[in-house]
Structure formats: structure tokens, C-alpha cells
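Letter by letter, the chains look like this.
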Amino acid sequence: MDKNIYFFLGMSLVAILHSCGPSSRSQVISNVKSIPLDISHFNDTKLYEPISVVKCELSRGAIADCYKISVTSVPHEHKMGPWCPTHIDDSKDKGGIWFEGGKVYDVDGHFVSNIGEFYKDEKWKLYNDDGSIKVTVTQKACEGAAKPRVEEIYKNHCVECQPSFYHDHITTYLIPKTPFYNTTGGRFGRGEPVGIALNGVNYDSPAPTEAILKAHTLAPLDDCGGHVNPHVGYHYHAATGCTVEVEQADGHAPLIGYAMDGYGIYALLDTNGQSSINLDECRGHEDATRGYHYHVGEPGGNQIIGCLSGQYGSMKVSH
Ligand SMILES: [Zn+2]
Ligand SMILES: [Zn+2]
């Protein structure tokens, strides 16, 4: 008998024991329908090597068959950037987006020049007297600014890193073939991977906006919700509808990616423009066709999903 079966038996026993008690949440463990990850959805993805199956240890110690998905983190269906406009007269097509209070704002020249007023803090000044915007143009500058303790000289800058600085990064995901529902929940820590979009780009945990703003820096996303950091390269903090989607025959929101626990991540809206109701704290729910799955949050919410409901795999970046 392999370890997976022991795990299943163990979990069933836990579920049976708990089902005698008052908690409805633990009863769910035995009932949740988990659909295997479908790797054919990665057919167009820029893979570093073909997807394979390996044994891997999940977050709560289960040994599982996992897909090993190695990607270059370069989207094939949309371009990356722009992020920072370069002049305070620039229109919104020269810059990306920023989110605040659940809303998305275009980062155009006016937004940058007006940011002190926007945040009610006169220490902001992201531009020079000639109207040019202070942007972290070089790799040294981006790395001095894109970290928790922003170097003094890069405070009051619009921060962007170019994908070309990190073109040799290979990101490898180990994600269970079939998810294990677990109710571990819990918020994502900084930099913890949330999952992978079907184009192979990383869904990252919420951007550390407090630290970014405290240094009077702005780290815009492009219109597709992505930007670059020195650790993982290009990654998303929002899903804005740019990336490859798998339509659902019943009009349910399309599949756009997979979470680190192997459950599908679906877009926010169904074909009637309605968002899902009865989502749990992780933004998940279950239906007969898709089993348990997630729906992404609003683009302005700085949150792809709330947490992971299953035991999750791991992500590693090498270069
Ligand atoms: Zn980021
Ligand atoms: Zn749904």
C-alpha cells in the first residue's frame, strides 16, 4: 500500500471522527469533490521542459504524485508593461495601473504628479522640475528599490524592473495531480506563491503595498495585472482578463489557472457578468462539474484568492 492510500485512510478516519461532533466544516473534508489538474490547458505555455510527474511532499506531509511544471514566466498571449510613465504629461497608455481601497487607477502622468494629494502626504514627489518622472531604469536601481527596505536614493521613485533582467529565470512548480482538501486555510505570507496562470506566469500573494508606499515609491502593475521583481520575474497580483481562458459549457466563469494545491482558479465573472456567491474565505466553492475551485478577486483587491483550502506543493526559482 503506498503512502497516498494511508493518507486517504487517515483523512477519512479524521472526517468520520469529526462528523460526530458539531463542526460542519470538518464534515466537508470527506465530501469535497476534487478534480485532477488538466495539463492539456498548458499546451500553449512557454515551458522550459515538458511537464512530468514526480513524487512530492505537500504542505501537511502527504506524499503525492505531483506535476512538475517548469516555465520561463513569459506570457505568450499578451505583452508585458508598460509600468511607469516617463513624463507627467504622459497619457494612460504610457503607464500601468495601481490599486487602492479596492479600486484600480490608471498610472498616467497626472496620477504620478498628483500622488501627494491622492495619499494626502506632501512628502511625495516622483518627478523632476522638468516634468520627467523618476523611474528605476537600470537593474541596479530596480533591485535597490524592489525590496522591503528601499535604498534611500530610490525613495520617491516609480519602480519598475524589466523582464530582460531576469530572462534566464526558470520557475518550477510542484502541484498535486489531484488536490487534497484540507481546510488549513490561512493567509499567504509575503512572496508565497498562490498558483500559476495557464500561460505559465506566477500568481503571487498580495503586493506589500504598505512597505512600497511608506518609501514613497509606486510599483505599478501593467494593464494585465503583472510586474517584475528580482526574485520571481514577471508575476501577477491581479487578473484583468488578458490571459488565456478555458470557456465552460454551462456559462460558468472560465478557468484561468491553478492554485498551488491543484484546485482550479476561475475568473471572477460568469458569461452573464455575475460573480459567484457563497464563496468561502479562500474564495472557493464547489459545484458538480468542477468540484471544489476558486474564483479570483476583483482586480483592485490586491488578492488573487484568499487562501489555500488544500495541501499545497512548492515553487522554486533557478537561474
Ligand atoms: Zn509583485
Ligand atoms: Zn464557481
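Scope of this entry: the structure provided in the associated data block. Predicted model only: the values in this text are computed from it and were never measured. (Residues numbered from 1 in each chain as written. Chains lettered and ligands numbered in written order. Predicted model: local features only at pLDDT ≥ 70, side-chain atom pairs only at ≥ 80, totals over all residues. Heavy atoms only, no water.)

### Some words on the overall build of the chain
Each helix and strand counted, the chain has 6 helices and 14 strands in total. Taking all 319 residues of the chain together, the buried fraction comes to 49%. Within the chain, contacts between residues at least 6 apart in sequence are counted, and of these 63% link residues at least 24 apart. Working note: accessible area of the chain is about 15100 Å², and carbon and sulfur atoms make up 52% of it. (Helix = DSSP H or I, 4+ residues; strand = E, 2+ residues; numbered from the N terminus. Buried < 20%, exposed > 50% of the residue type's maximum accessible area, 1.4 Å probe, protein only. Contact = heavy atoms within 4.5 Å. Areas by Shrake-Rupley, 256 points an atom, 1.4 Å probe, with all protein chains shown as cover.)

### Quick notes on the nonpolar core
Of all hydrophobic cores here, the largest spans 48 residues; its most connected members are Ile-265, Tyr-294 and Ile-305. Among the secondary structure elements, those contributing two or more residues to this core are strand 2 (63–71), strand 5 (170–176), strand 6 (193–197), strand 9 (233–236), strand 10 (255–259), strand 11 (264–266), strand 13 (291–295) and strand 14 (314–318). Considering each element in turn, this core owes the most residues, 4 residues, to strand 10. Ignoring sequence-local partners within four residues, the contact set of Ile-305 consists of Phe-188, Val-194, Ala-259, Ile-265, Cys-282, Arg-283, Tyr-294, His-295 and Val-296. (Core = buried A, V, L, I, M, F, W, Y, C linked by side-chain atoms within 4.5 Å.)

### Side note on the environment of Thr-271
With respect to the secondary-structure elements, Thr-271 resides in the loop between strand 11 and strand 12 (284–287). For Thr-271, a relative accessible area of 57% puts it in the exposed group. Remark: the alpha-carbon pair of Thr-271 and Gly-251, spanning 20 residues in sequence, is separated by 5.2 Å.

### Details of the packing of aromatic side chains
How two aromatic rings sit relative to each other is set out by the distance from centre to centre and by the angle between their planes. One pass over the full model with this rule turns up 15 aromatic pairs. Geometrically, the ring pair formed by Tyr-119 and Trp-124 is stacked, given 5.8 Å between the ring centres and 20° between the ring planes. We classify Trp-124 as buried; its relative accessible area is 7%. Seen in terms of ring centroids, Tyr-203 and Tyr-236 are 6.0 Å apart; in terms of plane orientation they differ by 45°. Their pairing is tilted. (Phe/Tyr/Trp six-rings, centres within 6.5 Å; stacked < 30°, edge-to-face > 60°.)

### Regarding the coordination of the zinc ion (ligand 1)
Bound to the zinc ion (ligand 1) on the protein side are His-227 (NE2), His-235 (NE2) and His-237 (NE2), at distances that span 2.0 to 2.1 Å. Overall, His-235 belongs to the buried group, its relative accessible area being 1%. (Donors = N, O, S within 2.8 Å, 3.2 Å for Na, K, Ca; no water.)

### Here we look at the side chain of Ser-70
Topologically, Ser-70 is positioned in strand 2. When near neighbours in sequence (up to four residues on either side) are disregarded, Ser-70 contacts Leu-47, Tyr-48, Glu-49, Ile-170, Thr-171 and Thr-172.

### Focus: the state of the cysteines
Here the structure, examined in full by the defined rule, presents 5 disulfides. The residue that forms a disulfide with Cys-56 is Cys-66, at a sulfur-sulfur distance of 1.9 Å. On the criterion of sequence distance, the pair formed by Cys-56 in strand 1 (residues 52–57) and Cys-66 in strand 2 is long-range, its members being 10 residues apart. Residue class for Cys-66 comes out buried when judged on its relative accessible area of 0%. Each sulfur of the disulfide joining Cys-142 and Cys-161 lies 2.4 Å from the other. Between Cys-142 and Cys-161, the S-S torsion sits near 105°, and that sign places the bridge as right-handed. Of this pair, Cys-142 sits in helix 5 (residues 139–145) while Cys-161 sits in the loop between helix 5 and strand 5, and the two are 19 residues apart along the sequence. Sequential numbering of the bridged cysteines in the chain gives the disulfide pattern 1-2, 3-5, 4-6, 7-8, 9-10. (Disulfide = S-S within 2.5 Å.)

### Here we look at the sheet that holds strand 2
Pairing within the open sheet is antiparallel, and its 4 strands lie in the order 1-2-5-14. Unpaired on one side and paired on the other, strand 1 and strand 14 mark the two borders of the sheet. Between one strand axis and the next, the sheet turns through 30° on average, direction left out of account. Both strand 5 and strand 14 contribute to a ladder of 5 bridges, which runs antiparallel. Residue pairing across strands places Thr-171 opposite Val-317, the latter belonging to strand 14. (Pairing = 2+ DSSP bridges. Axes fitted to C-alpha atoms, helices over the stretch in contact; angles between N-to-C directions.)

### What to know about the pattern of salt bridges
Scanning all chains against the criterion turns up 8 salt bridges. The closest approach of N and O atoms between Glu-49 and Lys-68, which form a salt bridge, is 3.3 Å. Of this pair, Glu-49 sits in the loop between helix 2 (24–31) and strand 1 while Lys-68 sits in strand 2; the two residues are 19 residues apart in sequence, bridging distant segments of the chain. Lys-147 serves as the salt-bridge partner of Glu-151, at 3.0 Å between the closest nitrogen and oxygen. Owing to a relative accessible area of 34%, Glu-151 belongs among the partly exposed residues under this scheme. Classification of Lys-147 by relative accessible area gives partly exposed; the value is 35%. (Salt bridge = Lys/Arg side-chain N within 4 Å of Asp/Glu carboxyl O.)

### Re unusual backbone geometry
The phi torsion of most residues other than glycine is negative, and most of the peptide bonds are trans. Cis rather than trans, the peptide bond between Gly-81 and Pro-82 has omega equal to 0°. Here Asn-278, not a glycine, exhibits a phi torsion of approximately 60°, which is positive. Among the secondary structure elements, Asn-278 is positioned in the loop between strand 11 and strand 12. We classify Asn-278 as exposed; its relative accessible area is 68%. Of note in the backbone geometry, Asn-302 takes a positive phi value of approximately 55° without being a glycine. By the secondary structure assignment, Asn-302 is in the loop between strand 13 and strand 14.

What is shown is where atoms sit, not what they do.
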